[in-house]
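What follows is each chain in one-letter form.
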Amino acid sequence: MDNNQKPKLAVWKFASCDGCQLTLLNCEDELLAIADKIQIAYFPEATRAVVEGPYDLSLVEGSITTPEDKERIQKIREESNFLITIGACATSGGIQALRNFKDVKEFTSIVYASPEYISTLDTSTPIADHVEVDFELRGCPISKAQLLEVVNAFLFNRRPNIPSYSVCIECKRRGTPCVMVSQGEPCLGPVTQAGCGAICPFYNRGCYSCFGPKETPNERSLSRQFVKMGYTNEDLVRAYRMFNAQSDSFRKESEYYEE
Amino acid sequence: MKNKTINVDYLSRVEGEGALRVDIQDNQVKDVKLNIFEPPRYFEAFLRGRDFREAPDITARICGICPVAYQMSASHAMEDIAGRKIGGPIRELRRLLYCGEWIESHALHVFMLHAPDFLGYEDALQMAAEYPDQVKMGLKLKKIGNALMDLLGGRSVHPISPRVGGFYKVPTRQELDAMVDDLKWAKDASLETVKWVSTLPFPDFEIDYEFVALRHPDEYPFNEGRIVSNKGVDIPLSEFEKVFEEEHVQHSTALHAHRKNGGPYLVGPLARYNLNYDRLTPTVQKAAEEAGIAETCKSPHKSIIVRSLELLYACEEALRIIDQYAKPECPYEEVKPGAGRGYGCTEAPRGILYHRYDIDDNGAITDAKIVPPTSQNQEMIESDLRSYVENHLEMEEEELQWKCEQIVRNYDPCISCSTHFLKLDINRK
Ligand code: SF4
């Protein structure tokens with residue numbers, strides 16, 4: 001197909017590890033077919049070619065942590081018909097949102113010898129705090145199958161089929177015995193959105209919630225269970241403060257046990 | 001054209017974000033700056049207070065391209081605090097997981113990021129129109145590396161199975177055997193890759209590098225060894241910070257490393273290869289001879305050949321490990337460190353990745369230091385750029401810009417890591 005008739009895709013990066021955009025390059029079997037249907041108009045990690053906007057679909061990775069990025073995302077929104085955020089950094093602020101609970105000046109002085117060279121915001125925040133987002137794809141990292149589903153759905157103007165139930169459902173489907181029940185392992189699966197395929201329980205460990213809270217999670221009842229299993233308040237705070245620490249319900253739960 | 005500024009606003013096909021700025025005044029290069037504008041993410045700060053067992057999962061998020069390296073360096077550092085060395089099949093599985101990451105990362109760089117430069121394409125997708133077989137071969141190689149990580153790690157980006165002491169779950173013999181045919185294909189494909197890339201057009205250009213890599217008594221290095229150089233360094237991990245230092249320079253959120261009172265040095269495939277040629281297998285050595293770079297290679301451009309040789313090595317090593325595998329009874333060894341300090345340094349695809357941690361009696365991290373490969377190579381990249389621009393001042397702007405980008409890509413920089421990406425600015429005044 002001629003490039004001029006293809007929908008234009010752009011991939012943007014904010015504060016992140018590149019793992020979510022790498023997921024696109026990890027579609028080894030689909031990549032050439034995708035490039036046949038879609039024009040990869042902006043994706044600096046894969047090509048030096050730059051096609052000017054506007055773009056039909058923008059994928060945004062990473063969180064907002066600097067004054068410049070706060071402005072850059074506005075411009076990207078203006079240039080994009082659909083904007084989808086990919087990964088925990090973009091949907092909840094990511095692991096770097098751990099700064100939101102601490103003093104950033106102190107953080108800067110721990111890492112950098114010359115703090116005056118560093119310009120950064122006090123917080124790491126999700127993209128949706130700054131611009132309207134058409135769809136949020138969860139995960140740290142995102143799932144390849146879900147990424148392909150979402151890109152397809154938006155290009156063909158249908159709702160993406162991304163479930164919002166918990167990891168528990170995926171364990172049941174996979175036939176993995178519950179690690180809480182069978183191994184006594186604390187597991188965040190009951191409050192975490194599915195999508196990963198419930199890999200951690202399948203590998204004999206509790207879920208650490210890289211996909212973040214599911215719809216209407218009941219953290220408190222799970223926390224109580226963790227306490228029965230020997231968790232201290234500090235352990236609970238740490239458990240909720242990982243890759244989705246800034247997501248609303250996890251933040252509230254961690255703050256509750258901090259007091 | 002006496003004064004000039006060259007700007008590359010966003011250096012593509014490198015992982016992360018960065019920019020390059022070269023200032024030329026009166027036909028002399030005044031300044032070269034690799035401008036890293038990856039926003040700081042503060043890993044070393046928020047690791048404080050976290051449990052030692054969380055370090056592998058947390059630090060993996062520094063880089064989505066080489067998470068295994070972070071998991072390995074962190075795990076080994078914690079085991080070092082406990083005075084433990086994990087041997088046997090678990091040690092072998094860690095090497096196998098690393099083979100997966102090297103295969104994935106090297107295949108990505110060789111075929112998708114680096115080869116297009118030599119052939120004059122803007123990316124691998126454009127290259128695919130004329131070189132469909134190579135691009136497909138590269139993608140398949142990459143996929144096999146990822147499959148190995150999926151099996152051992154649960155997934156390829158931020159694997160979930162590795163832990164301090166070993167793994168949460170280890171594969172069965174049958175699961176590993178199922179990988180053998182693909183790995184045999186990958187080995188042959190890597191040999192073909194070496195042959196193909198060694199026919200690419202290379203400029204006649206060498207650098208007298210100080211190479212720094214791990215060296216192990218009998219293996220090509222992944223997880224263990226002393227830190228050595230071709231210019232006199234031979235130290236245990238614990239002396240890394242005595243010999244090398246990181247400096248915070250104004251144009252970058254990455255810290256630059258160099259030898260104390262000394263100059264820039266190089267880590268990564270070229271360094272490993274030059275310092276550990278004798279540890280490679282006969283197949284790899286023979287392929288190197290045929291490619292015309294046996295024993296030494298000081299050309300940054302030819303790093304594409306060296307990466308391909310390492311690709312071959314990783315496939316062979318993976319096959320050896322699988323062949324000799326006996327499933328361990330327990331997937332991990334219990335590691336309970338007391339208060340203390342520990343070091344981990346392992347060979348990420350892009351070079352040595354150093355971790356140092358202090359933990360207290362409760363196992364909480366009180367101090368963390370992480371030195372990724374890209375921040376170690378940054379001074380070297382700048383110096384390489386400077387000499388190139390100095391010698392090519394009359395080159396057309398657009399061409400010079402592309403060449404500079406290529407120089408940067410020779411080093412396969414992974415910018416996310418070093419802030420812990422790129423933009424080229426050539427200013428002629
Ligand atoms: S969400 Fe996780 S995998 Fe994705 S960019 Fe952020 S840190 Fe990396």
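Residues numbered from 1 in each chain as written. Chains lettered and ligands numbered in written order. Predicted model: local features only at pLDDT ≥ 70, side-chain atom pairs only at ≥ 80, totals over all residues.

Participant: Which parts of the structure should I look at to understand the overall build of chain A?
Facilitator: A tally of regular secondary structure across chain A gives 12 helices and 5 strands. A compact globule built from 259 residues should have a C-alpha radius of gyration of about 18 Å, and chain A, at 20 Å, falls within 12% of that. Every one of the 259 residues in chain A was classed for burial, and the buried ones make up 53%. Contacts spanning at least 24 positions in sequence make up 71% of the contacts within chain A whose residues lie at least 6 apart. (Helix = DSSP H or I, 4+ residues; strand = E, 2+ residues; numbered from the N terminus. Rg over C-alpha atoms; globule rule 2.2 N^0.38 Å. Buried ≥ 20, exposed ≤ 12 C-beta atoms within 10 Å, placed from the backbone. Contact = placed C-beta atoms within 7 Å.)

Participant: So what exactly am I meant to see when it comes to the sheet that holds strand E7 (residues 226-229) of chain B here?
Facilitator: All names here are of chain B. The 3 strands lie next to each other as E6-E7-E8, forming an open sheet whose pairing is antiparallel. Each end of this open sheet is capped by a strand with a single partner; those strands are strand E6 (212-215) and strand E8 (234-235). Two strands pair when backbone bridges link them, and E6 and E7 are joined in this way by 4 bridges, in the antiparallel orientation. Following the sheet pairing, Val 212 is matched in E7 by Ser 229. Here helix H10 (residues 269-276) sits on the sheet and contacts E6 and E7; the angle it forms with E6, its principal contact strand, is near 50°. (Pairing = 2+ DSSP bridges. Axes fitted to C-alpha atoms, helices over the stretch in contact; angles between N-to-C directions.)

Participant: Would you mind showing me how to read the site of the ligand here?
Facilitator: As a matter of local geometry, the ligand sits amid 16 residues, with Cys 17, Gly 19, Gly 87, Cys 89 and Cys 140 of chain A nearest to it. The environment around the ligand is built from residues contributed by chains A and B. Taken together, the residues that form the shell around the ligand break down as 8 nonpolar, 6 polar and 2 charged. (Near = placed C-beta within 6 Å. Nonpolar A, V, L, I, M, F, W, Y, C, P; charged D, E, K, R; others polar.)

Participant: What's the story with the interface of chain B and chain A in this structure? I'm lost.
Facilitator: Much of the literature gives interface size as the accessible area that the parts lose upon coming together. Taken together, the contact between chain B and chain A spans 48 residues of the former and 46 residues of the latter. Residue contributions to the side of chain B that touches chain A peak at 5 residues, all from helix H6 (residues 132-153) of chain B. Of the residues in the side of chain B that touches chain A, the class split is 18 nonpolar, 13 polar and 17 charged.

Participant: Mind showing me how you'd approach the domain arrangement of chain A here?
Facilitator: Residue and element names in this part refer to chain A. Under the domain assignment, chain A is made up of domain 1 (3-155) and domain 2 (167-256). For domain 1 versus domain 2, the separation of C-alpha centres amounts to 26 Å. Each partner contributes to the interface: domain 1 provides 17 residues, whereas domain 2 provides 13 residues. Per element, the largest residue contribution to the side of domain 1 that touches domain 2 is 3 residues, and it comes from helix H4 (residues 88-92). Among the residues making up the side of domain 1 that touches domain 2, the classes are represented as 6 nonpolar, 10 polar and 1 charged. (Domains from an automatic or database assignment.)

Participant: Teacher, can you tell me more about the sheet that holds strand E5 (residues 135-137) of chain A here?
Facilitator: Note on sheets: strands pair through backbone hydrogen bonds, and any given pair is parallel or antiparallel. Residues and elements named next belong to chain A. Strand order across the open sheet formed by 5 strands is E2-E1-E3-E4-E5, with parallel pairing between neighbours. Two strands lie at the open edges of the sheet, namely strand E2 (39-42) and E5, each paired on one side alone. Strand-to-strand twist in this sheet, taken as the mean axis angle between neighbours without regard to direction, amounts to 30°. Of the strand pairs in this sheet, strand E1 (residues 8-13) and strand E3 (residues 55-61) are connected by 5 bridges, and their pairing is parallel. Paired with Leu 9 across the bridge in E3 is Leu 57. On the sheet, helix H3 (residues 67-79) packs against E1, E3 and strand E4 (80-86) and is oriented at approximately 130° with respect to E4.

Participant: Just checking my understanding: could you explain the environment of Gly 262 of chain B for this structure?
Facilitator: Residues and elements named next belong to chain B. Tracing the backbone through its elements, the reader meets Gly 262 in the loop between strand E10 (255-259) and H10. Judged by C-beta crowding, with 14 C-beta atoms within 10 Å, Gly 262 ranks as partly exposed. Taking the C-alpha atoms as reference points, Gly 262 and Phe 244, 18 residues apart in sequence, are found 8.9 Å from one another.

Participant: Help me out: how do you make sense of helix H12 (residues 303-324) of chain B in this one?
Facilitator: Working note: α-helix, 3.6 residues per turn, so residues spaced by three or four point in the same direction. Along its 22 residues, H12 of chain B runs 31 Å from first to last C-alpha, staying within 8% of the 32 Å computed at 1.5 Å per residue. By the criterion of burial, H12 of chain B is predominantly enclosed, with 17 of the 22 residues buried. (Expected span 1.5 Å × (residues − 1).)

Participant: Would you take a moment to explain the nonpolar core for this structure?
Facilitator: Membership of the largest hydrophobic core comes to 199 residues, with the highest contact counts inside it found for Ile 103, Leu 148 and Leu 309 of chain B. At 14 residues, the largest contribution of residues to this core is made by helix H4 (residues 88-119) of chain B. When residues are assigned to domains, this core turns out to be shared by domain 1 (3-155) and domain 2 (167-256) of chain A, each giving three or more. Once residues within four sequence positions are removed from consideration, Leu 309 of chain B is found in contact with Val 194, Tyr 273, Val 284, Ala 287 and Ala 288 of chain B. (Core = buried A, V, L, I, M, F, W, Y, C linked by C-beta atoms within 7 Å.)

Participant: What exactly am I supposed to notice about the packing of helix H8 (residues 180-197) of chain B against H12 of chain B here?
Facilitator: Two measures define how a pair of helices packs: the angle their axes make with one another and the distance between the axes. All names here are of chain B. Between H8 and H12, the least distance of the axes is 9 Å, while the angle of their chain directions is 160°. With respect to each other, H8 and H12 are oriented roughly antiparallel. Crossing of H8 over H12 shows left-handed handedness. Residues Val 180, Leu 183, Lys 184, Ala 186, Lys 187, Ser 190, Leu 191, Thr 193, Val 194 and Val 197 of H8 form the contact with H12, whose own contacting residues are Ile 304, Ile 305, Ser 308, Leu 309, Leu 311, Leu 312, Cys 315, Glu 316, Ala 318, Leu 319 and Ile 322. For the contact of H8 with H12, the per-class residue count stands at 15 nonpolar, 3 polar and 3 charged. (Parallel < 35°, antiparallel > 145°, perpendicular 65-115°, else oblique. Left-handed = near helix turned anticlockwise from the far one by under 90°.)

Participant: Can you walk me through the environment of Lys 105 of chain A in this structure?
Facilitator: Tracing the chain through its elements places Lys 105 of chain A in helix H5 (residues 104-111). Put simply, Lys 105 of chain A and Thr 120 of chain A are 15 residues apart on the chain and 9.6 Å apart in space, counted from C-alpha to C-alpha.

Participant: Help me understand the confidence of the model for chain B, please; the structure alone is not making it clear to me.
Facilitator: Predicted coordinates in regions of low pLDDT should not be interpreted in detail. All names here are of chain B. With 90% of its residues at a pLDDT of 70 or more, chain B shows a mean pLDDT of 89. Predicted confidence for residues 417-423 stays below pLDDT 50, and this span has 49 contacts to residues more than four positions away or in other chains. The complex prediction reports pTM at 0.94, with the ipTM value standing at 0.95. (pLDDT = per-residue confidence, 0-100.)

Participant: Would you mind going over the packing of helix H13 (residues 373-391) of chain B against helix H14 (residues 397-410) of chain B with me for this structure?
Facilitator: Residues and elements named next belong to chain B. As a packed pair, H13 and H14 sit with axes 10 Å apart at the nearest point and diverge in direction by 150°. In this view, H13 runs roughly antiparallel relative to H14, as classed from their interaxial angle. For the element pair H13 and H14, the recorded crossing hand is right-handed. Across the interface between the two elements, Ile 381, Asp 384, Leu 385, Tyr 388 and Val 389 from H13 touch Lys 403, Cys 404, Ile 407 and Val 408 from H14.

Participant: Where do I start with unusual backbone geometry in this structure?
Facilitator: Glycine aside, a negative phi is what most residues show, and trans is what most peptide bonds show. Residues and elements named next belong to chain A. Going from Gly 53 to Pro 54, the amide bond is cis rather than trans, its omega being 0°. Counting through the fold element by element, Pro 54 comes out in the loop between E2 and E3. In this structure, the amide linkage connecting Cys 140 to the following residue, Pro 141, adopts the cis form with an omega of 10°. The topology assignment puts Pro 141 in the loop between E5 and helix H6 (144-155).

Participant: Sorry, what's going on with helix H10 (residues 219-228) of chain A here?
Facilitator: Residue and element names in this part refer to chain A. Residues Glu 219, Leu 222, Ser 223 and Phe 226 constitute the buried set of H10. An end-on view of H10 places all buried positions within 100° of arc, on one side of the element. Exposed residues lying more than 90 degrees from the buried face of H10 are Ser 221, Arg 224 and Lys 228. Considering only its buried residues, H10 is in contact with helix H11 (233-240) and helix H12 (248-258). Of the residues one or two after H10, Gly 230 is the one with positive phi, at around 105°. (Arc of directions from axis to C-beta.)

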